[in-house]
Amino acid sequence: MLTIKEIEEIIPHRHPFLLIDYIEDFKPGEYAVGYKCVTYREDFFKGHFPGMPVMPGVLTIEALAQVGAVAILSMEENKGKTAFFGGINKCRFRGKVVPGDKLKLETEIINQKGPLGIGKAVASVDGKVVASAELTFMVG
């Protein structure tokens, strides 16, 4: 398990844009499983949507990318580098993420060649998939 401090040693994201609370399991270069405990105090709920708070889907995808970045940037040859978005494919939103949800974030690295790679990412709440995508990244 990785705490926020340990995650911050791997990826450059910081509050309020660090969207992972902890990593439950990971294998460098292969996969990572993390969690975001969604609270009503999240800054984005002030405007999305007043009276009906819903976590923006793009932030769910960003959280999945950050979990994938932990898997990629924890590899010895990538330590100290940054993983950038190269693309988002096959993205689907299947449910809402609301205050009180414990968002499970799973990203598996399915292809990597040099600094480019693809991760298969799935976000779920209580076992129900709320978002999925293929995320292309570039390590630089």
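Shown above is the structure to which this text applies.
Residues numbered from 1 in each chain as written. Predicted model: local features only at pLDDT ≥ 70, side-chain atom pairs only at ≥ 80, totals over all residues. Heavy atoms only, no water.

### A few points about the nonpolar core
Next up, step 1: Within the largest apolar cluster, 37 residues are counted, with the highest numbers of intra-cluster contacts made by Ile7, Ile11, Met55, Val70 and Leu103.
Next up, step 2: Counting only elements with at least two residues in this core, the list comes to helix H2 (57–73), strand S4 (102–113), strand S5 (116–125) and strand S6 (128–139).
Next up, step 3: Sequence-distant contacts of Leu103, that is, excluding residues within four places in its chain, are made with Gly34, Tyr35, Lys36, Val38, Met55, Thr60, Val97, Ala123, Ser124, Val125 and Val130. (Core = buried A, V, L, I, M, F, W, Y, C linked by side-chain atoms within 4.5 Å. Buried < 20%, exposed > 50% of the residue type's maximum accessible area, 1.4 Å probe, protein only. Helix = DSSP H or I, 4+ residues; strand = E, 2+ residues; numbered from the N terminus. Contact = heavy atoms within 4.5 Å.)

### Things to note about the packing of aromatic side chains
For any pair of aromatic rings, geometry is given as the distance between the ring centres together with the angle between the planes.
Next up, step 1: With the rule as written, the count across this model stands at 2 aromatic pairs.
Next up, step 2: Ring geometry for Tyr22 and Tyr35: centres 5.1 Å apart, planes at 20°, overall stacked. Note that Tyr22 is positioned in strand S1 (residues 22–27) and Tyr35 in strand S2 (residues 31–37), a separation of 13 residues in sequence. Each member of the pair, Tyr22 as well as Tyr35, is classed as buried.
Next up, step 3: Here Phe44 and Phe45 contribute two aromatic rings whose centre-to-centre distance is 4.7 Å and whose plane-to-plane angle is 65°, an arrangement assigned as edge-to-face. For the pair Phe44 and Phe45, one class covers both residues: buried.
Next up, step 4: Positioned above the aromatic ring of Tyr35 is the side chain of Lys102, whose terminal nitrogen or guanidinium carbon lies 4.9 Å from the ring centre. (Phe/Tyr/Trp six-rings, centres within 6.5 Å; stacked < 30°, edge-to-face > 60°. Lys NZ or Arg CZ within 6 Å of the ring centre and 35° of its normal.)

### Digging into the sheet that holds strand S3 (residues 83–93)
Next up, step 1: Read from one edge to the other, the open sheet built from 6 strands follows the order S1-S2-S4-S5-S6-S3, with strand pairing classed as antiparallel. Two strands in the sheet have a free side with no partner beyond their single neighbour: S1 and S3. Taken over all neighbouring pairs, the strand axes of this sheet differ in orientation by 20° on average, direction set aside.
Next up, step 2: By the bridge criterion, 10 bridges tie S5 to S6 in an arrangement that is antiparallel. Looking across to S6, one finds that Gly117 is bridged to Phe137.
Next up, step 3: Of the strands in this sheet, S1, S2, S3, S4, S5 and S6 touch H2, which is tilted by about 55° from S4. (Pairing = 2+ DSSP bridges. Axes fitted to C-alpha atoms, helices over the stretch in contact; angles between N-to-C directions.)

### Quick word on the layout of surface pockets
Next up, step 1: A volume near 300 Å³ is recorded for the largest pocket.
Next up, step 2: Contributing to the lining of the largest pocket are 16 residues, with His15, Pro16, Leu18, Lys36 and Glu42 lying nearest its centre.
Next up, step 3: Looking at the lining of the largest pocket residue by residue, the classes come out as 8 nonpolar, 2 polar and 6 charged.
Next up, step 4: As for the second largest pocket, its lining consists of 17 residues, of which Ala65, Gln66, Ala69, Ala83 and Phe137 are closest to the centre.
Next up, step 5: For the lining of the second largest pocket, the secondary-structure elements that each account for two or more residues are H2, S3, S4 and S6.
Next up, step 6: Looking at the lining of the second largest pocket element by element, the count peaks at 7 residues for H2.
Next up, step 7: For the lining of the second largest pocket, the residue count by class is 10 nonpolar, 6 polar and 1 charged. (1 Å grid on protein atoms, 1.4 Å probe; cavity = no way out; pocket = protein on both sides within 12 Å on 5 of 7 lines; lining within 4 Å. Points joined across faces, edges and corners; volume = space filled by probe spheres on them. Nonpolar A, V, L, I, M, F, W, Y, C, P; charged D, E, K, R; others polar.)

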